[in-house]
Amino acid sequence: MRVTVIGSGIVGASAAYHLSSHGADVVVVDADLDGQATAAGAGIVCPWVDHPDDDAWYALARSGARHYPELMEALGEDLGYEQVGALLVAEDPAELEPVRALLERRYAGAPEMGEVSVVPDPARLFPPLAEGLTAVHVPGAARVDGRAVRDALLRAAVRQGAELRTGVATLTARGEVLLSSGDGSVTSGALPGPDAGGGDGSWRQAAPVAGGQSGTRADAWEPEERRAAPEERGAALEERGAALEERGAVGKDRAAEGATGEKVAADMVVVAAGAWSGAVCRPLGVEIPVFPRRGQIVHAVLDGADTAGWPIVLPHVGPYLLGFPGSRVVVGATVEDVGFVPRVTMGGLEEVLRAGLRLAPGLAGATVTETRVGLRPVRAGGPPLMCRAGERVVVATGLSAYGLTAGPYAGLLAARLALGEPAPLDLAPYRLPS
């Protein structure tokens, strides 16, 4: 079977690896666009603290975390994956009770999270933290280098016969793939729904920093938005979609309709183009309800500190912190609905640094070495999409801030769909809305 994979982020790379492992003739096409989420992601694997009211989301994220040890063994490389644990921190111990209770309920079905405990002095495990914090410790949480995992998956796929190509892939109405050099100016018309980013009672759920000035949509977290009924959310999406239709932003991409380029022979196509998946699929007459959500992240070096074993730090709202070897500390991220604008901004950096130093004042002397920005692909009003979008096309996108948690597993699911094989997870909740 000949399969073209559109997108070489962690989902597409995993799909290519698993497809080629099963003998498929694979071509991976990537437009090399700025803002790809995999290249920017921090690498946190701690699914048990989120999606308390969304079983489908949780099942996918939990399965993604379980998949990592097996995948790391199969790839046989040091890819920055290590179970360093996570600290869920708060100033008031009472704030930790809901998430501690959630973890206790989930433990029987997810013993890999480890024995959860209360840590009265989290700075003992993550020295730069402010005094007066308390924490719940989740020992099974892991960190991973997303870029390294992506690259290892692609290398393994190539060893198995896959071909990597750079260019803009365009689908025709019949699901054929046309490849051109293009200019990379691919956008999508999908808009966020009222509950697109979370706000479901999760401990994290990609929560924005309180009071941020970088473009964060604070209105998405109002209680009345969180309580909106599914039919109300659907109606809101329809209204916003209709408004865009009038302005010509939604509907078939006229450029794609008349696109020309080299035809890439394929029996099946896997679209794993992240936030750009909607634009790729639009010529099929299918709307993919996925939009970009920008995240800006800061990397710093704390000279003299052995940060390799530091746990991940997850406050309820605000910046996460995690350490990597080489005295490196990562602080992030903004949560911005600004469209396809993958820019690092002064306002975004100020937001991350100010909130990060409030949580961990001991980082004040760290040297900023790098900033990253990514466009997370967010499914409007539902869990990610792992489904067919036509007879010959499979779509795998919408992982939001959980791309590095669930991406490799999502690629496995996409490969199974493309090959017509049974999936290890019930995929009914991840279909396109009817």
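Residues numbered from 1 in each chain as written. Predicted model: local features only at pLDDT ≥ 70, side-chain atom pairs only at ≥ 80, totals over all residues. Heavy atoms only, no water.

**Regarding the state of the cysteines**
What is meant by a disulfide is a covalent connection between two cysteines, made through their sulfur atoms.
Okay, step 1: Applying the stated criterion to the full structure yields zero disulfides.
Okay, step 2: Here Cys281 is not disulfide-linked; the sulfur of Cys387 is the nearest cysteine sulfur, at 8.7 Å.
Okay, step 3: In this structure Cys387 comes out as buried when scored by relative accessible area, which is 4%. (Disulfide = S-S within 2.5 Å. Buried < 20%, exposed > 50% of the residue type's maximum accessible area, 1.4 Å probe, protein only.)

**Structural notes on the sheet that holds strand 11 (residues 262-264)**
The pairing of strands in a sheet happens through backbone hydrogen bonds and is either parallel or antiparallel.
Okay, step 1: The three strands lie next to each other as 9-10-11, forming an open sheet whose pairing is antiparallel. A strand with exactly one partner marks an edge of an open sheet, and here the two such strands are strand 9 (168-171) and strand 11. Averaged over all adjacent pairs, the angle separating strand axes in this sheet is 35°, with direction ignored.
Okay, step 2: Bridge count between strand 10 (residues 177-180) and strand 11: three bridges; the pairing is antiparallel. Paired with Leu178 across the two strands is Lys263, which belongs to strand 11. (Pairing = 2+ DSSP bridges. Helix = DSSP H or I, 4+ residues; strand = E, 2+ residues; numbered from the N terminus. Axes fitted to C-alpha atoms, helices over the stretch in contact; angles between N-to-C directions.)

**Structural notes on the packing of helix 1 (residues 10-21) against helix 3 (residues 55-75)**
Okay, step 1: Viewed as axis vectors pointing N to C, helix 1 and helix 3 meet at an angle of 60°, and their least axial separation amounts to 14 Å. Here helix 1 is positioned oblique relative to helix 3, judged by the angle of their axes. Relative to helix 3, helix 1 is oriented so that their crossing is left-handed. The segment helix 1 lies against helix 3, with Ile10, Tyr17 and His18 engaging His67, Tyr68, Leu71, Ala74 and Leu75.
Okay, step 2: Here the residues of the contact of helix 1 with helix 3 are counted per class, giving six nonpolar, two polar and no charged. (Parallel < 35°, antiparallel > 145°, perpendicular 65-115°, else oblique. Left-handed = near helix turned anticlockwise from the far one by under 90°. Contact = heavy atoms within 4.5 Å. Nonpolar A, V, L, I, M, F, W, Y, C, P; charged D, E, K, R; others polar.)

**Here's the deal with the nonpolar core**
Okay, step 1: Trp48 and Leu88 are the most contacted members of the largest nonpolar core, which totals 78 residues.
Okay, step 2: Ile6, Val29, Val177 and Ala266 belong to the second largest nonpolar core, which has 27 residues in total. (Core = buried A, V, L, I, M, F, W, Y, C linked by side-chain atoms within 4.5 Å.)

**Comments concerning the pairing of strand 9**
Okay, step 1: A two-sided burial pattern is seen for strand 9, the buried positions comprising Val168 and Thr170 on one face and Ala169 and Leu171 on the other.
Okay, step 2: Of the pairings in the sheet, the one linking strand 9 to strand 10 comprises four bridges and is antiparallel in character. Each residue of the ladder has a partner; that of Leu171, found in strand 10, is Val177.
Okay, step 3: Following strand 9, the chain reverses through five residues before pairing antiparallel with strand 10; Gly175 in that reversal takes a positive phi of roughly 85°.

**Some points on the sheet that holds strand 2 (residues 25-30)**
Okay, step 1: Reading across from one edge, 8-2-1-12-19-18 is the order of the six strands in this open sheet, with mixed pairing throughout. The sheet is open, and its two edges are formed by strand 8 (163-166) and strand 18 (385-388), each paired on a single side. Adjacent strand axes in the sheet meet at a mean angle of 15°, parallel and antiparallel pairs treated alike.
Okay, step 2: Sheet topology note: the strand 1 (residues 2-6)/strand 2 ladder contains five bridges and is parallel. Across the sheet, residue Val3 finds its bridge partner in strand 2, namely Val26.
Okay, step 3: Where helix 11 (residues 403-419) meets the sheet, its contacts fall on strand 12 (268-271), strand 18 and strand 19 (393-397), and the angle it forms with strand 18 comes to roughly 10°.

**Quick notes on the packing of helix 1 against helix 11**
Okay, step 1: At a closest axis distance of 7 Å, the pairing of helix 1 and helix 11 adopts a crossing angle of 40°. Comparing the axis directions of helix 1 and helix 11 gives the class oblique. For the pair helix 1 and helix 11, the sense of crossing is right-handed. Each of Ile10, Val11, Ser14, Ala15, His18 and Leu19 in helix 1 lies in contact with helix 11, whose residues at this interface are Gly403, Leu404, Gly407, Pro408, Ala410, Gly411, Leu412, Ala414, Ala415, Ala418 and Leu419.
Okay, step 2: Residues belonging to the contact of helix 1 with helix 11 are distributed by class as follows: 12 nonpolar, five polar and no charged.

**Some details on the packing of aromatic side chains**
Okay, step 1: Under the defined criterion, the tally for this structure stands at four aromatic pairs.
Okay, step 2: Considering the side-chain rings of Tyr68 and Tyr81, the 5.3 Å spacing of their centres and the 10° angle between planes classify their relative orientation as stacked. In this pair, Tyr68 is assigned in helix 3 and Tyr81 in the loop between helix 3 and strand 4 (86-90), connecting sequence segments 13 residues apart.
Okay, step 3: A cation over a ring is seen here: Arg106 above Tyr58, with NZ or CZ 3.6 Å from the ring centre. (Phe/Tyr/Trp six-rings, centres within 6.5 Å; stacked < 30°, edge-to-face > 60°. Lys NZ or Arg CZ within 6 Å of the ring centre and 35° of its normal.)

**Overview of the pattern of salt bridges**
Okay, step 1: Within the structure shown, the criterion is met by 18 salt bridges.
Okay, step 2: As a salt-bridge pair, Glu287 and Arg282 come within 3.4 Å of each other at their nearest N and O atoms.
Okay, step 3: Residue Glu287 is classed as partly exposed on the basis of its relative accessible area of 37%.
Okay, step 4: Here the residues in one salt-bridge network are Glu97, Arg100 and Glu104, joined through shared partners. (Salt bridge = Lys/Arg side-chain N within 4 Å of Asp/Glu carboxyl O.)

**Structural notes on unusual backbone geometry**
Okay, step 1: Following Gly332, the chain continues into Ala333 via a peptide bond in cis, with omega recorded as 0°.
Okay, step 2: Phi angles above zero are rare outside glycine, and His51 is one such case at about 55°.
Okay, step 3: Tracing the backbone through its elements, the reader meets His51 in the loop between strand 3 (44-45) and helix 3.
Okay, step 4: Relative accessible area serves as the criterion here: at 1%, His51 is assigned to the buried category.

**Looking at helix 4 (residues 97-107)**
Okay, step 1: For helix 4, the complete set of buried residues consists of Val99, Leu102, Leu103 and Arg106. Relative to the axis of helix 4, the buried residues are bounded by an arc of 100° and lie together on one face. Summarising the geometry of helix 4, the exposed residues directed more than 90 degrees from the buried face are Glu104 and Arg105.
Okay, step 2: Against the buried residues of helix 4 lie helix 3, strand 4 and strand 6 (134-138). (Arc of directions from axis to C-beta.)

**Some details on the pairing of strand 16 (residues 328-332)**
Okay, step 1: Buried residues dominate strand 16, accounting for four of its five residues.
Okay, step 2: Where strand 15 (residues 320-324) and strand 16 come together, five bridges link them in antiparallel fashion. Bridged to Leu321 within strand 16 is Val331.
Okay, step 3: Connecting strand 15 to the next strand, strand 16, in antiparallel fashion are three residues, including Gly326 with a positive phi near 85°.

So, to be careful, I would describe these as geometric facts and stop short of saying anything about function.
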